[in-house]
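# Fold and geometry: a report
Take a look at the letters that make up each chain.
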2 protein chains.
Amino acid sequence: MSNAVPPGVANTLVSDDQSSMSAEDRELIARRERLLGPAYRLFYDDEPLHVVRGEGVWLFDAQGKRYLDAYNNVVSVGHCNPKITEALTRQASTLNTHTRYLHEGVLEYAERLLATFPSALGHVMLTCTGSEANDLAIRVSKAFTGGSGFIVTQWAYHGVTDAVSQLSPSLGAYVSRGDNIRTVAAPKSSRGRGVNVGEVFALNVQSAVDDLKSRGVKLAALLCDTIFSSDGVFPDPAGFLARAIDVVHDAGGLFIADEVQAGFGRTGDSMWGFARHGVTPDLVTLGKPMGNGHPTAALVMRPEVIAEFGRRSRYFNTFGGNPVSCAVALATLTVIQEEGLIENARIVGSYLLNGIKEIARTYDVIGDVRGAGLFIGVELVNAETNEPNGALARAVVNGLRRRGVLISATGPSANVLKIRPPLVLAKEHASLLIQSVFDVLQAEEPRS
Amino acid sequence: MSNAVPPGVANTLVSDDQSSMSAEDRELIARRERLLGPAYRLFYDDEPLHVVRGEGVWLFDAQGKRYLDAYNNVVSVGHCNPKITEALTRQASTLNTHTRYLHEGVLEYAERLLATFPSALGHVMLTCTGSEANDLAIRVSKAFTGGSGFIVTQWAYHGVTDAVSQLSPSLGAYVSRGDNIRTVAAPKSSRGRGVNVGEVFALNVQSAVDDLKSRGVKLAALLCDTIFSSDGVFPDPAGFLARAIDVVHDAGGLFIADEVQAGFGRTGDSMWGFARHGVTPDLVTLGKPMGNGHPTAALVMRPEVIAEFGRRSRYFNTFGGNPVSCAVALATLTVIQEEGLIENARIVGSYLLNGIKEIARTYDVIGDVRGAGLFIGVELVNAETNEPNGALARAVVNGLRRRGVLISATGPSANVLKIRPPLVLAKEHASLLIQSVFDVLQAEEPRS
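Residues numbered from 1 in each chain as written. Chains lettered and ligands numbered in written order. Predicted model: local features only at pLDDT ≥ 70, side-chain atom pairs only at ≥ 80, totals over all residues.

Bringing the overall build of chain A into the picture now. Regarding its fold elements, chain A presents 12 helices and 15 strands. For a compact globule of 448 residues, the expected C-alpha radius of gyration is about 22 Å, and chain A comes in at 22 Å, within 12% of that figure. With respect to the three principal axes, the spread of C-alpha positions in chain A is 65 × 55 × 45 Å. Each of the 448 residues in chain A was classed as buried or not, and the buried ones make up 61%. (Helix = DSSP H or I, 4+ residues; strand = E, 2+ residues; numbered from the N terminus. Rg over C-alpha atoms; globule rule 2.2 N^0.38 Å. Buried ≥ 20, exposed ≤ 12 C-beta atoms within 10 Å, placed from the backbone.)

Counting residues at the interface gives 79 residues for chain A, matched by 80 residues for chain B. If you list the elements that add at least two residues to the side of chain A that touches chain B, you get α1 (23-36), β1 (51-55), α2 (82-92), α3 (104-114), β4 (123-127), α4 (130-145), α5 (162-165) and α8 (303-312) of chain A. Element by element, the count of residues in the side of chain A that touches chain B is highest for α8 of chain A, at 7 residues. Split into classes, the residues belonging to the side of chain A that touches chain B amount to 39 nonpolar, 25 polar and 15 charged. (Contact = placed C-beta atoms within 7 Å. Nonpolar A, V, L, I, M, F, W, Y, C, P; charged D, E, K, R; others polar.)

The next thing to look at is the pairing of strand β6 (residues 181-184) of chain B. All names here are of chain B. Burial of the side chains of β6 is restricted to one face: R182 and V184 are buried, whereas none of I181 and T183 on the reverse face is. Looking at chain direction, strand β5 (residues 149-153) and β6 are connected through 4 bridges and run parallel. Bridge pairing in β6 links T153 to V184. (Pairing = 2+ DSSP bridges.)

Turning to the relation of the copies chain A and chain B, a few remarks are in order. For the pair chain A and chain B, the superposition axis carries a translation of 0.0 Å, the fit reaches an RMSD of 0.0 Å, and the rotation angle comes to 180 degrees. Here the two chains are linked by the operation of a two-fold rotation axis. Counting the interface residues of chain A, we find that 100% of their copies in chain B are interface residues as well, pointing to one common contact surface. (Least-squares fit on C-alpha atoms with pLDDT ≥ 70 in both.)

Residues and elements named next belong to chain B. Read from one edge to the other, the open sheet built from 4 strands follows the order β1-β2-β3-β13, with strand pairing classed as mixed. The sheet is open, and its two borders are formed by β1 (51-55) and β13 (405-406), each paired with just one other strand. Pairing analysis gives 4 bridges linking β1 to strand β2 (residues 58-61), with the strands arranged antiparallel. By the bridge assignment, V51 is partnered in β2 with D61.

Once that is clear, we can look at the nonpolar core. Formed by 302 residues in total, the largest nonpolar core has its most connected members in V205 of chain A together with V205 of chain B. Ignoring any residue separated from it by four or fewer positions in sequence, one finds V205 of chain B in contact with I151, V184, L222, A244, V247 and V248 of chain B. (Core = buried A, V, L, I, M, F, W, Y, C linked by C-beta atoms within 7 Å.)

Attention now moves to the pairing of strand β7 (residues 219-225) of chain A. Residue and element names in this part refer to chain A. Judged by how many residues are buried, β7 sits mostly within the fold: 7 of 7 residues are covered. Summarising the sheet, strand β5 (residues 149-153) and β7 pair through 3 bridges and their orientation is parallel. Among the inter-strand pairings, F150 is bridged to a residue of β7, identified as A221. Sheet topology places β7 next to strand β8 (residues 254-258); 5 bridges connect them, and they run parallel. Looking at β8, one finds that L223 is bridged to I256. Following the chain from β7 across helix α7 (residues 241-250) to the adjacent parallel β8, one finds a crossover that is right-handed. (Right-handed = clockwise from strand over helix to strand, strands pointing away.)

In this section: helix α11 (residues 390-402) of chain B. Residue and element names in this part refer to chain B. The end-to-end C-alpha distance of α11, which contains 13 residues, comes to 18 Å, matching closely the 18 Å that a straight helix rising 1.5 Å per residue would cover. Among the residues making up α11, those that are buried are G390, L392, A393, R394, V396, V397, L400 and R401. On its buried side, α11 packs onto β12 (375-380), β13, β14 (408-410), β15 (416-419) and α12 (427-444). Once α11 finishes, G404 follows within two positions and takes phi at roughly 85 degrees, a positive value. (Expected span 1.5 Å × (residues − 1).)

Attention now moves to the domain arrangement of chain A. By a frequent convention, interface size equals the accessible area lost on bringing the separate parts together. Residues and elements named next belong to chain A. If you check the domain split of chain A, you get domain 1 (23-77 + 341-444) and domain 2 (82-338). The straight-line distance from the C-alpha centre of domain 1 to that of domain 2 is 25 Å. On the side of domain 2, 31 residues touch domain 1, which itself brings 26 residues to the contact. Among the elements of the structure, α10 (341-360), β11 (366-372), β12 (375-380) and β15 (416-419) are those that each provide at least two residues to the side of domain 1 that touches domain 2. Classifying every residue of the side of domain 1 that touches domain 2 gives 12 nonpolar, 9 polar and 5 charged. (Domains from an automatic or database assignment.)

Helix α3 (residues 104-114) of chain B packs onto α1 of chain A with a crossing angle of 40 degrees between their chain directions and a minimal axis gap of 10 Å. Compared by their axis directions, α1 of chain A and α3 of chain B come out oblique. Remark: the crossing between α1 of chain A and α3 of chain B carries left-handed chirality. Contacts from L28, R31, R32, L35 and L36 of chain A in α1 of chain A reach L107, A110, E111 and L114 of chain B in α3 of chain B. Per-class residue counts for the contact of α1 of chain A with α3 of chain B are 6 nonpolar, no polar and 3 charged. (Axes fitted to C-alpha atoms, helices over the stretch in contact; angles between N-to-C directions. Parallel < 35°, antiparallel > 145°, perpendicular 65-115°, else oblique. Left-handed = near helix turned anticlockwise from the far one by under 90°.)

A few words on the packing of helix α4 (residues 130-145) of chain B against helix α8 (residues 303-312) of chain B. Residue and element names in this part refer to chain B. Direction vectors running N to C along α4 and α8 enclose 85 degrees, while the axes themselves pass 9 Å from each other. With respect to their mutual orientation, α4 and α8 come out roughly perpendicular. Contact residues: α4 offers V140, A143 and F144, while α8 offers V305, I306, E308 and F309. In terms of residue class, the contact of α4 with α8 is built from 6 nonpolar, no polar and 1 charged.

Within the secondary structure, R370 of chain B sits in strand β11 (residues 366-372). A C-alpha to C-alpha distance of 37 Å links R370 of chain B and L28 of chain B, two positions 342 residues apart in sequence.

Residues and elements named next belong to chain A. End to end, α4 covers 22 Å across 16 residues, agreeing with the expected 22 Å (1.5 Å per residue, within 8%). By the criterion of burial, α4 is predominantly enclosed, with 15 of the 16 residues buried. Following α4 by one or two positions, G146 has its phi on the positive side, about 75 degrees.

Tracing the backbone shows S229 of chain A in the loop between β7 and α7. Distance in space between the C-alpha atoms of S229 of chain A and I256 of chain A is 16 Å, their sequence separation being 27 residues.

This part is about the sheet that holds β12 of chain B. All names here are of chain B. Strand order in the open sheet formed by 4 strands is β11-β12-β15-β14, with antiparallel pairing between adjacent strands. Of all strands in the sheet, those with a lone pairing partner are β11 and β14, marking the two edges. Across the sheet, the mean angle from the axis of one strand to that of its neighbour is 30 degrees, orientation sign disregarded. Where β14 and β15 come together, 3 bridges link them in antiparallel fashion. Bridge pairing in β15 links T410 to V416. Against the sheet, α11 contacts β12, β14 and β15, and its axis sits at roughly 160 degrees relative to β14.

On to the environment of A220 of chain B. Residue and element names in this part refer to chain B. Here A220 lies in strand β7 (residues 219-225). Taking the C-alpha atoms as reference, A220 lies 35 Å from L341; in sequence the two are 121 residues apart. With residues near it in sequence (within four places) discarded, A220 still touches S141, K142, T145, G147, S148, G149, F150, G253 and L254.

Let us now look at unusual backbone geometry. With omega at -5 degrees, the peptide bond leading from D236 of chain A into P237 of chain A counts as cis. Here P237 of chain A shows up in the loop between β7 and α7. You will see that F228 of chain A, though not glycine, has its phi angle at about 50 degrees, which is positive. When you line up the elements, F228 of chain A lands in the loop between β7 and α7. The buried category is assigned to F228 of chain A, around which 26 C-beta atoms lie within 10 Å. Its identity is not glycine, yet V233 of chain B carries a phi of approximately 70 degrees, on the positive side. Mapped onto the elements of the fold, V233 of chain B is located in the loop between β7 and α7 (241-250). According to the C-beta neighbour criterion, V233 of chain B is buried, with 31 such atoms within 10 Å.

Right, dumping it as structure tokens:
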């Protein structure tokens, strides 16, 4: 472990001083380094979290201490939701095979999932991870357009395959990037007060298209996370994506909406983040919360983009769309719909957003509070200079953890608190979170 | 659907004539095409298999008909093994999270898994699919060597990501391939009687290295499936890989052993296919049977190849190494070890191999029978010309299905029967399989 904190790495064990850790934790860390090697990271500055049990919005550590989980978007219907476990067990006890046999499970799920999309998005292909979904979207968009150029935002994260990691600048400079890739500034609503965010974003995308063209690279696609999570969480104003997509289409490219973060109801307005922008993507990638933690993901698309690919090639993913994964995904989607979790994300998200905005009135170190549903970003700055304050964000993340609340930070300066709880968060949990944020700021910045 | 059978596609629904199908199957096929699009394929010439239940070595269709599963290597400890389902349910009811928190599960599995490898292979990183494992191996080998050149066999299959699909020529010519990739002939023991298979293979690899070098491309790695499944199943003579690996190391490249097919005891000699060749790879990729159908996979490696990568970058796979996947993988490994399934693969595999060799004595259309453990290839040829007979292989695969036995075919001419049953196959099942192969040949080639 090194004491240097890489840029944009908001929440990583960095201390070599293990004196505050239990003997058990020290041993677990030593085993991790020995067995898993040096590419793995742990959360929290000087004492990682050793979890043993989860239930609803709560995680429990080895000492039995309870943590309000306001970070883990994957378990969107709650840790260890018994309805999901029941679906998992039932199908695993009956049959688990693959898509080269006929099975109703994948079709039932595909039907239910596609019903949540605009009718133009007619096909779904199943993968196991969001990385695989984005990687397949890259393959399909290259094949359909004949182009190889991609545009992503400056601090984007889309996944870890060889192709997708090149489209994930937030992984850092060690990941090499082909000359077929251009980055554009994220649509920064907070910094763009008085500026037309959509117009600026569209102009930046147009510049990138032109620059690719000048190098003889034809555009394949613009790939955006529709909540711009790793860039620092930029949801507003809803609708700003539309003009950039027109630019992309005019250049013969496709728009890939990465819904791995924003999808499955998180933004509170609709099932999908792109819907807030009034656009219909050409391809949509899904992941993290799709199976409430079970490895399942998908690519949804306009049928025309896969027609030639499907005629001339095939796609088979051994585990993708297997009956167990489909049963789990169907149970997750059913809980989101039947328990009104989109509505809950909207109502509790709004309550949470307003509660933190209230804190911001008395704390100048809060530069901006923004969000959609249960995805909230809280930008921390130096109160005098208004510069990003990553150190304070780290202190808040670690201070909250000591107070039994889990969040993280994001953005190129790692100064934006990332609040992304399971969708089953209730108002009482939101109140606890708001109070804890206030308490930590009070402790860190007592005179603000 | 088209009536044209693409090369190397051994077992695909090709008929537009649905008259032999039930109304229910016709409707399921129509729903698949409407929902999943054109890139998916179904098994069997003119009547796909509609499965509803699995148990041990058996699959059951919607009419309750039972099939001996001699194809699905993924479910290596048997369909719906209750020990695996129990581990799955127990952990899913307790906690499912990720590797940025401390958790014993991933460490316990890593320890148990690495104990089955030569001690030089000291680290393991967890992914969800074999494609992701091979993709990560590509990233790591490029970063370690500074090279970008890869060598694979002519009809290799390693996965479906953008990078890995380029290293999978068996996906067909529609998948474009970079100029940094060279293919070499598979080490064809059957065609090479009297030839030193290892020497020829090493010479071919040397030529590929030289050719890359002549184009200014530095070698990153040789990537081989250690049973050469898609090339047509080439296990013999054990040891033939060693010289090629020396060539690769001399050129500064790495050897990646793809154990997604041969691994976890299938070859009957040892846990890993490379062990038959007396070599220690630099990187090893695992997948399919690792979680008996649950999406989990891994990359095992020499620590030195990941040292710099890990220092300068990070790897996080949201679902990779989660507590549920690790519990399932641990249960699967435990069953393989405690129930002696490697030994079973060796004994029953040998019985099966000899049974089919016995048939070959009276059938000239069997050009060769080869295998290791429970991975067996039966090469079908035109008895007069000795040319590959893909049509007969299709007839045998479909004829066996009608007789209640599931296998497939492989190789560039799709003329090699691919027999790859769960490792819990007993002698009585092997006898049924041998008898069925005989019966089908008798029906297809009555006068041989």
